[in-house]
Amino acid sequence: MEKGGVCSPDVVSYTTVIHGLLKEGEVSKACSLFDEMVQQGVVPNVVTYSSIIDALCKAGAMDKTELVLWQMVDSGIQPDNVTYTSMIHGYSTLGRWKEAGKMFREMTSRGIIPDVVTWTSFMTSLCKHGRSREATGIIDYMSAKCHKPNIVLYSILFHGYATEGCFDDMINLLDSMANNAIVPNRQVFSILVDAYAKRGMMDEAMPIFTGMCEQGVIRDVYRWGQGVSPESTVGRLADALNKFVR
DNA sequence: CTAGGGTTAG
């Protein structure tokens, strides 16, 4: 593309290509293009910087990320909730809770509100690090801030508790779901089945499953047991549940 | 009708 011509790229086209290059791991090419962009007098904006920050976060290069964030603010560009979500994602994936917390404080002090994407990312990290109870606490915080948790968020928590073997917490979570008027779906059901079946706790499991069936999950359950060995624990459970279907 | 952030299963 010729400079100064009618076809010279703007910030959107540069950012789009930079993002594409980063996604493919072509970091040095992306850097060159960023330099070229600046030389052409095209000013990078919050999207350009956020793309770079996100790529660095995903590479776990948090020190470099901090430098870019600093450079961004220094050029008078305010980070937004996307920028901070990437930072929080980067730190929490690495289990660096202190720094993640610092990012939360920084963003709120700038008047930027974490949204469902920010929370989903953060809660997933907590659960993967065996901190499902802390992640669950965020649900209450979100509700208080009028941010409705969704079924995916609950699934993440169920999966975390299932991995940790925290059965009482899973039952509490079902109550929390009911309070937020969210009906368990097939995936939630499967996570629960797997958690109990793996530990041979079918007696505890049955009342919950029956309750779920009454909430209409049974139509999905019907197909669920197919392809499972009928002799296996899970297979026998599926068989029992299928009797609820007429 | 301008690009960027997340995600649960057997």
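What you see is a predicted model, and the numbers here were worked out from it, not measured in a lab.

## Thoughts on the packing of helix α5 (residues 81–93) against helix α6 (residues 97–109)
Between two packed helices, what matters for the description is the angle formed by their axes and the separation of those axes. For the pair α5 and α6, the least separation of the axes is 8 Å and the interaxial angle reads 165°. Relative to α6, α5 is oriented roughly antiparallel. Seen along the crossing, α5 lies across α6 with a hand that is left-handed. Note on element contacts: α6 touches α5 through Trp 97, Glu 99, Ala 100, Met 103, Phe 104, Glu 106 and Met 107, opposite Asn 81, Tyr 84, Met 87, Ile 88, Tyr 91 and Ser 92. When the residues that make up the contact of α5 with α6 are grouped by side-chain class, the tally is nine nonpolar, two polar and two charged.

## Some thoughts on the protein's contact with DNA strand B
Around DNA strand B sit 35 residues, and of these Val 12, Ser 50, Val 152, Ser 155 and His 159 come closest. Of what DNA strand B places within 4 Å of the protein, 44% of the atoms are sugar or phosphate. A distance of 3.5 Å separates a base nitrogen of DNA strand B from a polar atom in the backbone of Val 46. His 159 has a polar side-chain atom sitting 2.4 Å from a phosphate oxygen of DNA strand B. For the surface near DNA strand B, the secondary structure elements donating two or more residues are α1 (11–23), α3 (46–58), α5, α7 (116–128), α9 (151–164) and α11 (186–198).

The rules behind the values
- Residues numbered from 1 in each chain as written.
- Chains lettered and ligands numbered in written order.
- Predicted model: local features only at pLDDT ≥ 70, side-chain atom pairs only at ≥ 80, totals over all residues.
- Heavy atoms only, no water.
- Axes fitted to C-alpha atoms, helices over the stretch in contact; angles between N-to-C directions.
- Helix = DSSP H or I, 4+ residues; strand = E, 2+ residues; numbered from the N terminus.
- Parallel < 35°, antiparallel > 145°, perpendicular 65-115°, else oblique.
- Left-handed = near helix turned anticlockwise from the far one by under 90°.
- Contact = heavy atoms within 4.5 Å.
- Nonpolar A, V, L, I, M, F, W, Y, C, P; charged D, E, K, R; others polar.
- Near = heavy atom within 4 Å.
- Polar contact = N/O pair within 3.5 Å; in protein donor to acceptor, adjacent residues only side chain to side chain.

Limitation: the analysis is restricted to geometry and does not speak to function.
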